[in-house]
Structure formats: C-alpha cells, structure tokens
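Below, each chain spelled out in residue letters.
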Amino acid sequence: MVEKILTVKNRAGIHARPASLIAQLANKYESEISLEKDSIVVNAKSIMGVITMAAGYNTTITLKVEGSDEQDAANAIEKLFDGKFEEE
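A brief look at the structure comes next. Everything numeric in this text was worked out from a predicted model, so none of it was measured. Here the residue numbering is sequential within each chain, running from 1 through the sequence in written order. A pLDDT threshold of at least 70 governs which residues receive local features in this predicted model, and a stricter bar of 80 or more applies before side-chain atom pairs are shown or counted, although totals over entire chains, interfaces and linings include all residues. Here the side-chain values reflect all heavy atoms present in the structure, with hydrogen atoms and water set aside.

1. Considerations on unusual backbone geometry
For D38, which is not glycine, the phi torsion reads 50° and is therefore positive. Numbering of helices and strands starts at the N terminus; helices are DSSP runs of H or I of at least 4 residues and strands are runs of E of at least 2. Position of D38 relative to the elements: it lies in the loop between β2 (32-37) and β3 (40-43). Unusually for a residue other than glycine, F85 sits at a positive phi of about 55°. Note that F85 resides in the segment after α3 (70-82).

2. Examining the pattern of salt bridges
The rule for a salt bridge is simple: a side-chain nitrogen of Lys or Arg has to be within 4 Å of a carboxyl oxygen of Asp or Glu. For the coordinates displayed, the defined rule picks out 6 salt bridges. Between D82 and K9 there is a salt bridge; the shortest N-O distance is 3.0 Å. Of this pair, D82 sits in helix α3 while K9 sits in the loop between β1 (2-7) and α1 (16-26); the two residues are 73 residues apart in sequence, bridging distant segments of the chain. The class of K9 is partly exposed, set by a relative accessible area of 32%. Shared partners join several salt bridges into a network, and the residues in it are R17, E86 and E87. A 1.4 Å probe rolled over the protein chains alone gives each residue an accessible area, and that area as a share of the maximum for its type sets the label: buried under 20%, exposed over 50%, partly exposed in between.

3. Some words on α1
Every buried residue of α1 is accounted for by P18, A19, S20, I22, A23, L25 and A26. By definition, residues are in contact when any of their heavy atoms lie within 4.5 Å. On its buried face, α1 sits against β2, α2 (47-52) and α3.

4. Considering the environment of S31
Relative to the helices and strands, S31 resides in the loop between α1 and β2. Separated by 40 residues in the primary sequence, S31 and Q71 place their C-alpha atoms 9.4 Å from one another. Sequence-distant contacts of S31, defined by excluding residues within four places in its chain, comprise K45, V65, E66, G67, S68, D69 and E70. Within polar-contact distance, the side chain of S31 engages the backbone nitrogen of E70 at 3.2 Å. For the purposes of these results, a polar contact is taken to be a pair of N or O atoms within 3.5 Å, where, inside protein, one atom must be able to donate a hydrogen and its partner to accept one; residues adjacent in sequence count only when each atom of the pair is a side-chain atom.

Shape descriptors only; they carry no functional weight alone.
Written out as structure tokens, the structure reads:
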C-alpha cells in the first residue's frame, strides 16, 4: 500500500473539472485508489465521490493506493495535484 498526503493547491479547489481529471487518471490503473478527507473516504475512480469531498483550497487529503501498479498510480495522482489540475 502506498499512502501520500496531498494538498489542494489550486484556488478553486476540487470542483467538477479536477474531479473528472482525478477519476479519469485513477481509472487508468488496476489498483484500488481512495481519497480521504476528515474521515470521509471516497473511491478516486468516482467523479461524484471526489466532488462530494468538497475539498477547497489548501485542503489536505490522504491518498491511499493498493494494487499491482500502486506506485505509478500514486505518483501520477500526486503530479496532478502538484500541477494544480492544469488550472493556473
């Protein structure tokens, strides 16, 4: 299992477009991928799940990835967060 602490760095937070990018990217991997915020755990492969976290700017999220390609998946999602979802 790979676990990373991610921070939402784009000013608008995770709205529909970033949620869609996260889910699309997560679905490219075999691993189970979850995001956790304030004891709310969602499947990163679900756009609606990611949106329901209501993660605003500077929110800290725990990424948990478990499976055959867990390291690649975790690194790819971390890069998406670090790149501010290509918004800024």
